[in-house]
Amino acid sequence: METLRVGVIGAGWMGHVHARAFQRLAQHWPDLPVRPMVAAVADAVGPAAEAFARSHGDPTAYADWRELLADPTIDAVSVTAPNFLHREIGVAVAEAGKHLWIEKPVGLSAADATAVRDAVAAAGVVACVGFNYRHVPAVARARRLIAEGAIGTPTHAHAQLFTDYAAHPGSPLSWRYAVDRGGHGVLGDLASHGVDLLRFLLGDIQALTAQTAIHIPRRPVAETQGHYAVLDVDDPGLSFGEVENEDYVVALVRMASGVLSVCEADRGAVGEQNNYAVEVHGTKGLVRWDFRRPGELQVSAGEQYANQPTSTVFSEPGDGEYAAFQPGAGLAMGYDDTKVVEAHHFILAIAGQPAELATLDDAVASATALDAMVTSHQTGQWVSVS
Ligand SMILES: NC(=O)c1ccc[n+]([C@@H]2O[C@H](COP(=O)([O-])OP(=O)(O)OC[C@H]3O[C@@H](n4cnc5c(N)ncnc54)[C@H](O)[C@@H]3O)[C@@H](O)[C@H]2O)c1
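Rules used throughout
- Residues numbered from 1 in each chain as written.
- Predicted model: local features only at pLDDT ≥ 70, side-chain atom pairs only at ≥ 80, totals over all residues.
- Heavy atoms only, no water.
- Helix = DSSP H or I, 4+ residues; strand = E, 2+ residues; numbered from the N terminus.
- Buried < 20%, exposed > 50% of the residue type's maximum accessible area, 1.4 Å probe, protein only.
- Contact = heavy atoms within 4.5 Å.
- Areas by Shrake-Rupley, 256 points an atom, 1.4 Å probe, with all protein chains shown as cover.
- Lys, Arg positive; Asp, Glu negative; His and termini not counted.
- Charge placed at Lys NZ, Arg CZ, Asp CG, Glu CD.
- 1 Å grid on protein atoms, 1.4 Å probe; cavity = no way out; pocket = protein on both sides within 12 Å on 5 of 7 lines; lining within 4 Å.
- Points joined across faces, edges and corners; volume = space filled by probe spheres on them.
- Nonpolar A, V, L, I, M, F, W, Y, C, P; charged D, E, K, R; others polar.
- Domains from an automatic or database assignment.
- Buried area = accessible area lost by both parts, 1.4 Å probe.
- Salt bridge = Lys/Arg side-chain N within 4 Å of Asp/Glu carboxyl O.
- Expected span 1.5 Å × (residues − 1).
- Phe/Tyr/Trp six-rings, centres within 6.5 Å; stacked < 30°, edge-to-face > 60°.
- Lys NZ or Arg CZ within 6 Å of the ring centre and 35° of its normal.

Quick look at the overall build of the chain now. Looking only at helices and strands, the chain features ten helices and 17 strands. In terms of its C-alpha atoms, the chain occupies a principal-axis envelope of roughly 60 × 55 × 40 Å. The buried share of the chain, reckoned over its 386 residues, is 56%. Within the chain, contacts between residues at least 6 apart in sequence are counted, and of these 72% link residues at least 24 apart. Of the roughly 15,500 Å² of accessible surface on the chain, a fraction of 52% belongs to carbon and sulfur atoms. Put simply, the chain has 26 plus and 45 minus side-chain charges, and the middle of one group is 3 Å from the middle of the other.

In this structure, the largest pocket spans a volume of roughly 1,100 Å³. Contributing elements (two or more residues each) for the lining of the largest pocket: helix 1 (13-28), helix 4 (86-95), helix 7 (179-182), helix 8 (186-202) and helix 9 (335-350). By residue class, the composition of the lining of the largest pocket is 23 nonpolar, 14 polar and nine charged. Residues lining the lining of the largest pocket come from more than one domain, with at least three contributed by each of domain 1 (2-132) and domain 2 (134-331 + 358-384). Along its surface, the second largest pocket is lined by Arg134, His135, Ala140, Arg143, Phe200, Gly320, Glu321, Val341, His345, Glu356 and Leu357. At the level of elements, helix 6 (137-148) and helix 9 are the ones that each hand at least two residues to the lining of the second largest pocket.

What follows is about the domain arrangement of the chain. One can read the domain layout of the chain as domain 1 (2-132) and domain 2 (134-331 + 358-384). Placing a centre on the C-alpha atoms of domain 1 and another on those of domain 2 gives a separation of 24 Å. Between domain 1 and domain 2 the total buried area reaches about 2,200 Å² when both faces are included, carbon and sulfur atoms providing 66% of it. At the boundary of domain 1 with domain 2, the tally comes to two salt bridges. Between Lys104 and Asp189 there is a salt bridge; the shortest N-O distance is 3.4 Å. Residue assignment for the side of domain 1 that touches domain 2 shows that the elements contributing at least two residues are helix 1, helix 5 (110-123) and strand 6 (127-129). Element by element, the count of residues in the side of domain 1 that touches domain 2 is highest for helix 5, at six residues. In terms of residue class, the side of domain 1 that touches domain 2 is made up of 16 nonpolar, six polar and three charged.

Attention shifts here to the side chain of Glu103. When you line up the elements, Glu103 lands in the loop between strand 5 (99-102) and helix 5. Given a relative accessible area of 6%, Glu103 falls into the buried group. Apart from residues no more than four positions distant in its own chain, Glu103 is found in contact with Met14, His18, Val79, Thr80, His86, Gly130, Lys339 and Glu342.

This next bit is on empty space enclosed by the protein. Summed over all chains, the structure comprises five cavities of 30 Å³ or more. Estimated volume of the largest cavity: approximately 90 Å³. As for the largest cavity, its lining consists of 13 residues, and the residues nearest its centre are Gly107, Leu108, Ser109, Gly188 and Leu370. For the lining of the largest cavity, the secondary-structure elements that each account for two or more residues are helix 8 and helix 10 (360-379). Grouping the amino acids of the lining of the largest cavity by side-chain chemistry returns five nonpolar, seven polar and one charged. If you count residues domain by domain, the lining of the largest cavity takes at least three from each of domain 1 (2-132) and domain 2 (134-331 + 358-384). In this structure, the second largest cavity spans a volume of roughly 80 Å³. If you trace the second largest cavity, you find 13 residues lining it, with Val136, Pro294, Met333, Gly334 and Thr338 closest to the centre. Considered class by class, the residues forming the lining of the second largest cavity number nine nonpolar, four polar and no charged.

The next thing to look at is helix 5. Taking 1.5 Å per residue, 14 residues should reach 20 Å; helix 5 reaches 20 Å between its end C-alpha atoms and fits that length. On the buried face of helix 5, the contacting elements are helix 4, strand 5, strand 6 and helix 10. One or two positions beyond helix 5, positive phi appears at Gly124, with a value near 70°.

Pairs of aromatic rings are described using the distance from one ring centre to the other and the angle between the two planes. Tallied over the full model, the rule gives twelve aromatic pairs. The interplanar angle of 40° and the centroid separation of 6.1 Å between the aromatic rings of Trp101 and Phe346 together place this pair among those described as tilted. Remark: Phe346 occurs in helix 9 and Trp101 occurs in strand 5; sequence separation between them is 245 residues. Its relative accessible area of 0% is what places Phe346 among the buried residues. Put simply, the rings of Trp13, Tyr133, Tyr276, Trp289, Phe291 and Tyr335 touch in pairs and so form one group of aromatic residues. Positioned over the ring face of Phe200 is Arg143, at 4.0 Å from the centre of the ring. One cation-aromatic arrangement involves Arg254 over Trp382; the distance from NZ or CZ to the ring centre is 5.1 Å.

So this is what it looks like as structure tokens:
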């Protein structure tokens, strides 16, 4: 069995999730021909790298990601740094000849995602993008049911991604709220997942029209960078800065098949905690999935049309990679598990075996749709997505 030495760049939430995923692979797939080992971490914030090292078997900790890439013993790299670094680091990982697992949205724009895709193609390394909701067994089942015609011909769909990490006015002005570091806010952060789910279930996008909004235009300035940090807005010592990018987006999306979809995302939706859902309607039924009940798929299928019941179907062995986690139906998997599945496909691809990755082509397609949403908001026009 070959050991793959992995480096993680960005020791925040996702850095830890990637590291845990690598470490859990052997528990779920003991016969993998390649076994990853988290051997290095790089983070610009020293305590973040040190905490990561304590949690994940004491890998070598670097302050500068370039030092990690210069380490010839590192074979593959997870890029879990903020969006504005994806392009520079992603291209450098490929040019260093290392395999790349990079978080969505892969940069700030389609141009950034394209630059990473081209560098990966030129280097001939394996690359995987963090569109992990594809890997939920219930979503895999929904895709299979749609492809089999169980809901008839798809007619329309809705992807909704609502959460509240940005709902508090005291949530600090981190990289997420600046165009040059966070790109287009909730578009890259959440709508990217919605676009990917729509593409995964229904195929390519042809055109779209969209509107966006900023709900909280000013936030307190602070060093704190965490996803869920909150500051006391009554603290007289705080200063405030402008939010530059979108809290909310709603897009009407025409798929290449002609199916109309709505993609809606809100990072500051009070009362909504990671309420991510997708539903697809067809001439004979529907499938509906909600991230917070990940092991359940609502399905209506048959020949009854009006008054046709909708049932809840529990995930079971045979749905995606469910069988690697649980032996029988109805045992829900969690968020981290989706990343374990993603890591599995990444490692399979590195081992030269068939793998179902979200690729950099998928990242470019998603980013192209997100750019089109911004253009459509600015122009008030439908925008072609090719
Ligand atoms: N797939 C998903 O479901 C999902 C969920 C959350 C975040 N993400 C993505 O993961 C990425 C990171 O998000 P997060 O929530 O973990 O953010 P985070 O703020 O928790 O962590 C980012 C880390 O990067 C570090 N960093 C900043 N500059 C750096 C540099 N120059 N070199 C090395 N490290 C640096 C920060 O210090 C921090 O520790 C983002 O691109 C985000 O879109 C994906």
